[in-house]
Amino acid sequence: MRSDNTPSLLRLVDVLAIISLSAAFLLVMFYAPIELTMGRVQKVFYFHVAASWTGMLGFLVATVAAIAYLKTRDLKWDTASLAGIEIGMVFIALGIFSGSIWARPVWNTWWTWDPRLTTTLIMELIYAAYLLLRSGLDDPKNRARLSAVYATVGFVSVPLTFISIRVFRTIHPVLVGSSDPSVGTFAMSPRMQAAFFGSLAAFTILFIALYWHRYCLGMAQNEVQQKRMEIEAGGEG
């Protein structure tokens, strides 16, 4: 029988993720009011923003881990950085997909080359190139070093995407921190705010759970690869 080495704290985070996601779903579907102009499709907004936030959080964690690798040369940080980028890419893709669903009835198009949408797509492609870079390198240390440099430089695309709706003329609404009347805003009622921040919290907990699992899997893969290299080296000897 296979033993389960999942840490007890990680099991708790898994449970919290399930509970918080369920609570966020109920808040969005049954507690948050229907927006007068956009109607029911506006409810996609809560998951769209939460997914985009989680994706950027993954890239931030990946960058911190990449810098840690460049300082320590410990391969565990390379594993941590890769985990953040993989999860970040999944959630940014979910953000783009859900944004298209929201945009179709509101903007009458699935996609427009708006500054926010364009910079988000570029950001996703930058990190897709990161995965291509890794796949073309065989030496673990060389792969980790070049990947860490790329991840650190590539992170420039994240704040650029975040501020794009504040710097460029855009039809994408600004949720927080805009006092410019020429910039589109989206005012939320207290019940909308509860659903919004509840979704952000739920997706953040989900990120922690997924990231921890992916990191543990990556470390296990490193151990298997190391043992395989030792066996091959012993056979050649």
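Throughout this document, residue positions are counted from 1 along each chain, in the order its sequence is written. Residues qualify for local features only when their pLDDT is at least 70, as the model is predicted, and side-chain atom pairs are given and counted only at 80 or more; totals for whole chains, interfaces and linings, by contrast, use all residues. Side-chain figures throughout are based on the complete set of non-hydrogen atoms in the structure, without hydrogens or water.

A word on the overall build of the protein
Then step 1. Working definition: helices are DSSP H or I runs of at least four residues, strands are E runs of at least two. Numbering for both runs from the N terminus. In terms of regular secondary structure, the protein is built from 7 helices and 0 strands.
Then step 2. For the protein, buried positions account for 39% of its 237 residues.
Then step 3. Throughout, a residue-residue contact means that at least one pair of heavy atoms, one from each residue, lies within 4.5 Å. Put simply, of all contacts in the protein between residues at least 6 apart along the chain, 76% involve residues at least 24 apart.
Then step 4. For the protein, the computed accessible surface area is about 13,500 Å², with 68% contributed by carbon and sulfur atoms. Each residue gets one of three labels from its accessible area relative to the maximum for its type: buried under 20%, exposed over 50%, partly exposed in between, using a 1.4 Å probe on protein chains only. Note on areas: Shrake-Rupley, 1.4 Å probe, and residue coverage restricted to the protein chains presented here.

Here's the deal with the confidence of the model for the protein
Low pLDDT means the predicted coordinates in that region are not meant to be read closely.
Then step 1. In predicted models, pLDDT denotes the confidence assigned by the predictor to each residue on a 0 to 100 scale. Looking at the protein, the pLDDT average stands at 88 and 88% of residues meet or exceed 70.
Then step 2. Contacts of residues 178-184 to residues separated by more than four positions or lying in other chains number 7 contacts, the stretch itself having pLDDT below 50.

Some details on the pattern of salt bridges
Then step 1. By definition, a salt bridge exists where a carboxyl oxygen of Asp or Glu is found within 4 Å of a side-chain nitrogen of Lys or Arg. Tallying each qualifying case throughout the model produces 2 salt bridges.
Then step 2. Residues D78 and R134 are paired through a salt bridge, measuring 2.8 Å at the closest nitrogen-oxygen approach. With D78 in helix α3 (residues 75-107) and R134 in helix α4 (residues 115-135), this pair connects stretches of sequence that are 56 residues apart. Both residues of the pair, D78 and R134, belong to the buried class.
Then step 3. The partner of R214 in a salt bridge is E86, with the nearest N and O atoms 2.5 Å apart. Of this pair, R214 sits in helix α7 (residues 190-236) while E86 sits in helix α3, and the two are 128 residues apart along the sequence.
Then step 4. Residue E86 is classed as partly exposed on the basis of its relative accessible area, which comes to 26%.

Looking at the nonpolar core
Then step 1. Definition of nonpolar core: a set of buried residues of the types Ala, Val, Leu, Ile, Met, Phe, Trp, Tyr and Cys, connected through side-chain atoms within 4.5 Å. With 24 residues, the main nonpolar core has F45, Y46, F91, F196 and Y211 as its most contacted residues.
Then step 2. Counting residues per element, the ones that place at least two in this core are α2 (44-72), α3 and α7.
Then step 3. For this core, the element with the most residues is α7, which contributes 8 residues.
Then step 4. When residues no more than four places from it in sequence are discounted, the contact partners of Y211 are V61, A80, A83, G84 and I87.

A look at the packing of α4 against helix α5 (residues 140-154)
Then step 1. Between α4 and α5, whose axes approach to 10 Å, the crossing angle comes to 175 degrees. On the basis of the axis angle, α4 is roughly antiparallel to α5. Here I126, Y127, A129, Y130, L133 and R134 of α4 lie close against α5, whose contacting residues are R143, L146, S147, Y150, A151 and G154.
Then step 2. Under the scheme applied, nonpolar residues are Ala, Val, Leu, Ile, Met, Phe, Trp, Tyr, Cys and Pro; charged residues are Asp, Glu, Lys and Arg; polar residues are all the others, including Gly. Here the contact of α4 with α5 is built from residues that sort into 8 nonpolar, 2 polar and 2 charged. Between the N-to-C directions of two axes lies an angle of 0 to 180 degrees, each axis being a line fitted to C-alpha atoms and, for a helix, fitted only over the stretch in contact. Here the word oblique covers every angle except those under 35 degrees (roughly parallel), over 145 (roughly antiparallel) and from 65 to 115 (roughly perpendicular).

Quick notes on the environment of Q42
Then step 1. Inspection of the secondary structure puts Q42 in the loop between α1 (8-31) and α2.
Then step 2. Taking the relative accessible area as the measure of exposure, Q42 reaches 0% and is therefore buried.
Then step 3. C-alpha of Q42 to C-alpha of V106: the two residues are 64 residues apart in sequence and 8.8 Å apart in space.

Concerning the packing of aromatic side chains
Then step 1. Ring pairs are drawn from Phe, Tyr and Trp, using the six-membered ring of Trp, whenever the two centres fall within 6.5 Å, and their geometry is named by plane angle: stacked under 30 degrees, edge-to-face over 60, tilted for the rest. Considering all chains together, one arrives at 10 aromatic pairs under this definition.
Then step 2. Centroid distance F45 to Y46: 4.9 Å. Interplanar angle 65 degrees. Geometry classified as edge-to-face.
Then step 3. In this structure F45 comes out as buried when scored by relative accessible area, which is 1%.
Then step 4. Residue Y46 is classed as buried on the basis of its relative accessible area of 0%.
Then step 5. Connected via pairs of aromatic rings, a cluster forms that spans F45, Y46, W102, F196 and F197.

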